[in-house]
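One-letter residues, chain by chain:
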Amino acid sequence: MSSVKEYFKSLGNGFASLIKGLSVTGKEFVTPKITERYPEDRDTYKWPERFRACLELVYDKEGNHKCIACGTCERVCPNGTISLQTKMVDTLTGKKRKLVKYSYDLGSCTFCQLCVTNCPTQALDFSNNFEQAVFTRSKLVKQLNYLPEKEEPAPTPEQLAAAAAERERKIAEAKAKAAAMAAAKAKAAAAGEPAPMTPAEKAKAAAMADPELARKIAEAKAKAAAIKAAREKGEANS
């Protein structure tokens with residue numbers, strides 16, 4: 001008797017599934033059809049804002065970009081699609097790293113947008129220009145800073161003097177803070193109390209307490225050192 005019940009139950013479930021499938025098919029018969037007329041409507045079609053097609057360096061109306069050549073995008077890229085060539089220039093505040101060439105390999109990009117989200121100056125963005133078909137892979141390697149890099153203006157004697165005075169003030173403040181910290185540590189040692197730590201020492205102690213975090217910091221330092229060495233080698237050869 002139970003086998004007969006199971007038979008009719010499975011038969012009913014199959015019939016219900018069939019009706020459900022036919023209802024979906026019936027809806028598609030009366031749904032208005034949408035046909036993409038690409039490339040005929042290329043000039044009028046609005047591509048979705050969230051679509052990621054190709055990385056670009058954002059320029060303003062004056063032809064300036066916000067890239068400070070910090071190398072963050074190069075370090076966070078999981079596929080090594082970004083490569084920066086930089087040089088050191090003299091400014092009012094001392095030496096400054098300046099962008100020479102920003103290379104981007106579209107053929108290896110996974111469009112994860114880590115470079116865009118981690119850029120400290122919001123200098124990068126993804127465009128909607130998906131028409132990137134080429135016959136050779138080498139053409140997928142693009143130079144994003146396509147405009148000539150502007151030279152730093154030469155500082156005036158007054159600006160140099162003001163910058164030197166500001167540096168001396170900051171050095172004096174740093175020495176005063178170091179002396180105050182040394183005095184606090186000596187006082188704590190005399191009283192048998194734990195010595196106070198600087199913010200950097202606190203951060204280092206917290207990192208060392210977490211083995212996984214310490215491992216990640218060590219890996220990041222090693223990667224940054226390798227990129228720095230390669231960049232300095234490139235600058236020396238140029």
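In short, a report on the structure. (Residues numbered from 1 in each chain as written. Predicted model: local features only at pLDDT ≥ 70, side-chain atom pairs only at ≥ 80, totals over all residues. Heavy atoms only, no water.)

## Here's the deal with the overall build of the chain
Check the secondary structure of the chain and you find 6 helices and 5 strands. When the helices and strands of the chain are listed from N to C terminus, the series reads α-β-α-β-β-α-β-β-α-α-α. Relative to the globule expectation of 18 Å for 238 residues, the C-alpha radius of gyration of the chain, 30 Å, shows a markedly less compact shape. Along the three orthogonal principal directions, the C-alpha set of the chain runs to about 90 × 60 × 30 Å. Counting all 238 residues of the chain, 19% fall into the buried class. With an accessible surface of roughly 17800 Å², the chain has 60% of that area assigned to carbon and sulfur atoms. Averaging the locations of the 39 positively and 29 negatively charged side chains of the chain gives two centres separated by 4 Å. (Helix = DSSP H or I, 4+ residues; strand = E, 2+ residues; numbered from the N terminus. Rg over C-alpha atoms; globule rule 2.2 N^0.38 Å. Buried < 20%, exposed > 50% of the residue type's maximum accessible area, 1.4 Å probe, protein only. Areas by Shrake-Rupley, 256 points an atom, 1.4 Å probe, with all protein chains shown as cover. Lys, Arg positive; Asp, Glu negative; His and termini not counted. Charge placed at Lys NZ, Arg CZ, Asp CG, Glu CD.)

## Some points on the packing of aromatic side chains
Note on aromatic pairs: each is described by the distance of the centres and the angle between the planes. A complete count under the given rule lists 3 aromatic pairs for this structure. Geometrically, the ring pair formed by Phe51 and Phe130 is edge-to-face, given 6.4 Å between the ring centres and 85 degrees between the ring planes. In this pair, Phe51 sits in the loop between α1 (2-30) and β1 (54-57) while Phe130 sits in the loop between β4 (124-127) and β5 (141-143), placing the two residues 79 residues apart along the sequence. (Phe/Tyr/Trp six-rings, centres within 6.5 Å; stacked < 30°, edge-to-face > 60°.)

## Regarding the nonpolar core
Soluble globular proteins tend to pack their nonpolar side chains together in the buried interior. Leu55, Leu57, Ile82, Tyr102, Tyr104, Cys115 and Leu124 are the most contacted members of the largest nonpolar core, which has 22 residues in total. Residue assignment for this core shows that the elements contributing at least two residues are β1, β2 (82-91), β3 (94-105), α3 (114-118) and β4. Excluding residues within four positions of it along the chain, Tyr102 makes contact with Leu55, Cys67, Cys73, Ile82, Ser83, Leu84, Leu124, Lys142, Gln143, Leu144 and Asn145. (Core = buried A, V, L, I, M, F, W, Y, C linked by side-chain atoms within 4.5 Å. Contact = heavy atoms within 4.5 Å.)

## With respect to helix α4 (residues 157-190)
The end-to-end C-alpha separation of α4 is 49 Å, in line with the 50 Å expected for 34 residues at 1.5 Å each. Phi turns positive, to about 75 degrees, at Gly192, one or two residues after α4. (Expected span 1.5 Å × (residues − 1).)

## Examining unusual backbone geometry
The residue Gln113 is not glycine, and still its phi comes out positive at about 70 degrees. Within the fold, Gln113 resides in the loop between β3 and α3. Taking relative accessible area as the criterion, Gln113 reaches 22% and is therefore assigned partly exposed. Its identity as a non-glycine residue notwithstanding, Gln122 has a phi of 50 degrees, on the positive side. Locating Gln122 in the fold gives a position in the loop between α3 and β4.

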